[in-house]
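# Overview (structure and organization)
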Amino acid sequence: MSDRIREILSWYGSDNAGTRTNLARLLGHGRLAGTGRLVILPVDQGFEHGPARSFAPNPPAYNPLYHFGLAIEAGCNAYAAPLGFLEAGAGQYAGAIPLILKLNNHDVLHEDKDPLPAVTGSVKEALRLGCAAVGFTIYPGSVHCGRMYEQLREIAEEAKDGGLAVVVWSYPRGSSLSKEGETAIDVVAYAAQIAAQLGAHVIKVKLPTAHLEQAAAKKVYESEQIPIKTLSERVRHVVQSAFAGRRIVIFSGGAKSDDKNVFEEARAIRDGGGFGSIIGRNSFQRPKAEAVKVLQTVMGIYAGEIP
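Not measured: the values here are computed from a predicted model. (Residues numbered from 1 in each chain as written. Predicted model: local features only at pLDDT ≥ 70, side-chain atom pairs only at ≥ 80, totals over all residues. Heavy atoms only, no water.)

### Regarding the sheet that holds strand β8 (residues 202-205)
Reading around the barrel, the eight strands line up as β1-β2-β3-β6-β7-β8-β9-β10 and close back on themselves, with parallel pairing between neighbours. With direction set aside, neighbouring strand axes in the sheet form an average angle of 25°. As judged from the three bridges shared by strand β1 (residues 38-42) and strand β10 (residues 276-278), these two strands associate in the parallel manner. Paired with L38 across the bridge in β10 is G276. Sheet strands touched by helix α11 (residues 231-241): β8 and β9 (248-252). Its angle to β9, the strand with the most contacts, is close to 140°. (Pairing = 2+ DSSP bridges. Helix = DSSP H or I, 4+ residues; strand = E, 2+ residues; numbered from the N terminus. Axes fitted to C-alpha atoms, helices over the stretch in contact; angles between N-to-C directions. Contact = heavy atoms within 4.5 Å.)

### Observations concerning the side chain of D186
Looking at where D186 falls in the secondary structure, it is placed in helix α9 (residues 185-197). Comment: no salt bridge for buried D186; closest opposite-charge side chain is K218, at 9.8 Å. At 2.9 Å, the side chain of D186 and the backbone nitrogen of Q214 are in polar contact. Among all residues touching D186, those that are not within four sequence positions of it are H211, L212, E213, Q214, A217 and Y221. (Buried < 20%, exposed > 50% of the residue type's maximum accessible area, 1.4 Å probe, protein only. Lys, Arg positive; Asp, Glu negative; His and termini not counted. Salt bridge = Lys/Arg side-chain N within 4 Å of Asp/Glu carboxyl O. Polar contact = N/O pair within 3.5 Å; in protein donor to acceptor, adjacent residues only side chain to side chain.)

### Structural notes on the packing of aromatic side chains
A complete count under the given rule lists six aromatic pairs for this structure. Plain terms: the ring middles of F55 and Y62 are 5.7 Å apart, the flat faces sit at 65° to each other, and that makes the pair edge-to-face. A relative accessible area of 4% places F55 in the buried class. Of the residues examined, Y62 reaches a relative accessible area of 40% and is grouped as partly exposed. Here the aromatic rings of F55 and F85 are separated by 6.0 Å at their centres, their planes lie at 25°, and the arrangement is stacked. Linking F55 in helix α4 (residues 51-55) with F85 in helix α6 (residues 83-89), this pair joins segments that are 30 residues apart in sequence. When sorted by exposure, F55 lands in the same class as F85, which is buried. One aromatic cluster is present, formed by F55, Y62, F85 and F284 through successive ring pairs. Taking the ring centre of Y66 as reference, the NZ or CZ of K288 above it sits at 5.8 Å. (Phe/Tyr/Trp six-rings, centres within 6.5 Å; stacked < 30°, edge-to-face > 60°. Lys NZ or Arg CZ within 6 Å of the ring centre and 35° of its normal.)

Below you can see the structure in the form of structure tokens.
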């Protein structure tokens, strides 16, 4: 185990040996093993956005086994998905890659401004499938956020008791936020802080813009001259907001975009002290060989092998 991984594990001193071992599994697997960086493949989009929107651009991706193969071949740290996709391949690929069971999901057949995802999996199922961690989405800003926080507290307690790590998707969304505000720097930093306070080991947020949503926060950002002009500065501030960098913060890739943009974002995350990326549509919506190349290039950027 590298000194960097020992340092990261030291931040989670209240956790039991099982949970810390599973954190080490995530940090010690794949091409970035031992670096303290993570690239995770998440495939919950079939539930979240629908099958055609998610998989029609690359039809082999309709098959859940495709994603196990992609994550393994690319050298990802872990593969995250809802219950059905993991059940389809966990036995065949047992021990091949750390798994993260996504325990709640939201569909767009009944879209609303204040979403409340349904709990669609359990800690017991994660343990049965040999997962290293559970995943859970919260929507700070939704009128239902209090219920989500309570659900996460219960799930995180059970997961930690069972020796699993907890990964939290913290995505600001709700009727009280503007569309621009969902990725505003003050709001994203707040979302990271909330996830950390709720006991997350790994926090997943969207890349923030320089927009400031909350008037009270804007005054502080301006009076304290908090650097947020560049993307790397904003990444650094979000990481700072997660216990001064003592919680693992990774950033989502969002909708499919061109290679140049994906790599520029990875450089900004690296230079801002972020811990890595969770890249879904920007990988599995491409032909497999192209997806592997993109993921491995991102990993090369995080490893410092590519400027």
